[in-house]
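Results of the structural survey
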Amino acid sequence: MTRKVPVIDLTDFRTGRDKQAVVEQVADACRSIGFLVISGHGVPAEMFDAMLGVSKGFFDLPVETKKRAIPADGSFRGYSELANMSLGQSLGDDAPPDLREGFSVNRVQDKSDPYYSNPAAGKLFAPNVWPDPEDVPGFEQAFSDYYLAMEGVATTLMRIFALALELPEDFFDAKVDKHFTNLVAYHYPPMPAAPKPGQLRGGAHTDFGSLTLVYGHPSVSGLQVWDGSEWEDVPVEPGTLVVNLGDLMAQWTNDLWVSTLHRVANPPESEWDKARYSLIFFHQPNYDCVIESLDQVNPAKYPPTTSGEHLRRKILAMRVAA
Ligand SMILES: O=C(O)CCC(=O)C(=O)O
Ligand SMILES: [Fe+2]
């Protein structure tokens, strides 16, 4: 069976004109392929442009300058160097490191509530690390604005998801209101030589959280999903966001919805000189949110876990041994 990634306009949900029509299209995509492309999300083009601009500005810096944004506490913040992680390893494959470097930030909102400093949270709320504003003016502002805009889109989608699962619209609200989402800008640099056998820009994996928002046009070409029989290119449309389900939605729905295998393919050799950028919001519910099957009929396929525990396990598996 070939399953296609649909493009869905959220406008009628956001305006309230025809919520159910949008809910049904989303439900269908979540059941069949676990990927959709959304338009009508309300995020202005300037915000994407600003994020891409500061991200390029950062990645263009000399590597010694970039390394100043590596946190001393080993938390998943700031700069991560080229090829120091392997997405394929998160599924237990012996995959070579991914050909990319990244910059991560977590919550930009106020974290004075004791929830965020509870020892149970470990390093999940470690402080953000920012580049020197002299090196990349406007970086922190662009990332912070974008983070809040994506939070808004994710909240809307979780409400659509609740309705698509025939739950009250606000079912997920209290499970994601203290989310610990990582926003990561990735740079896939030009490839000066042939990659190692099996080495990709991003190895095949599923995502770990509830949903992922990937900035679409023009940076997204190369993203491919496994449609059950072959790798399919995710549609590239100006101004859209790609949404994919993560493992936690599959676990919550007892595999009614799919956390689909995807990867970032290498470009053809004629395009090895081209860089690729992506902006990714890995929406991750509250760390203490228990994820257990909502299926009232069939036995649960996964033991209950928490959002924090699932992520911790996956990140550890991805680190490439030094
Ligand atoms: O860079 C991309 O477009 C996707 C990367 C990805 O799937 C991931 O990091 O989880
Ligand atoms: Fe992914």
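Residues numbered from 1 in each chain as written. Chains lettered and ligands numbered in written order. Predicted model: local features only at pLDDT ≥ 70, side-chain atom pairs only at ≥ 80, totals over all residues. Heavy atoms only, no water.

The iron ion (ligand 2) binds to the protein through His205 (NE2), Asp207 (OD) and His262 (NE2); the donor distances cover 2.1 Å. For the iron ion (ligand 2), the donor residues sit on a single chain with the sequence spacing H-x1-D-x54-H. The pair formed by His205 and Asp207 is uniform in burial state, with each residue classed as buried. (Donors = N, O, S within 2.8 Å, 3.2 Å for Na, K, Ca; no water. Buried < 20%, exposed > 50% of the residue type's maximum accessible area, 1.4 Å probe, protein only.)

Moving on, we come to unusual backbone geometry. Despite not being glycine, Glu166 shows a phi value in the positive range, around 60°. Along the chain, Glu166 falls in the loop between helix 5 (139-164) and helix 6 (173-176). By relative accessible area, which is 75% here, Glu166 ends up exposed. (Helix = DSSP H or I, 4+ residues; strand = E, 2+ residues; numbered from the N terminus.)

Read across the open sheet, the four strands follow the order 6-11-8-9; overall the sheet is antiparallel. Looking at the sheet topology across the chains shown, the edges are occupied by strand 6 (202-205) and strand 9 (231-233). If you compare each strand with its neighbour and ignore which way they point, the axes differ by 25° on average. (Pairing = 2+ DSSP bridges. Axes fitted to C-alpha atoms, helices over the stretch in contact; angles between N-to-C directions.)

Turning to the site of ligand 1, a few remarks are in order. Close contacts around ligand 1 come from 13 residues, with Arg100, Tyr188, His205, Arg276 and Ser278 the closest. Taking Arg100, its side chain carries an N or O atom lying 2.9 Å from an oxygen atom of ligand 1. Between His262 and ligand 1, the recorded distance is 3.1 Å, taken from a side-chain N or O atom to an oxygen atom. In the complex, the protein chains occlude 98% of the 300 Å² of accessible area that ligand 1 would expose alone. Counting residues per element, the ones that place at least two in the shell around ligand 1 are strand 5 (182-188), strand 11 (262-264) and strand 12 (276-283). Tallying contributions element by element places strand 12 first for the shell around ligand 1, with four residues. (Near = heavy atom within 4 Å. Polar contact = N/O pair within 3.5 Å; in protein donor to acceptor, adjacent residues only side chain to side chain. Areas by Shrake-Rupley, 256 points an atom, 1.4 Å probe, with all protein chains shown as cover.)

Note that all results are geometric; they support no functional claim without further evidence.
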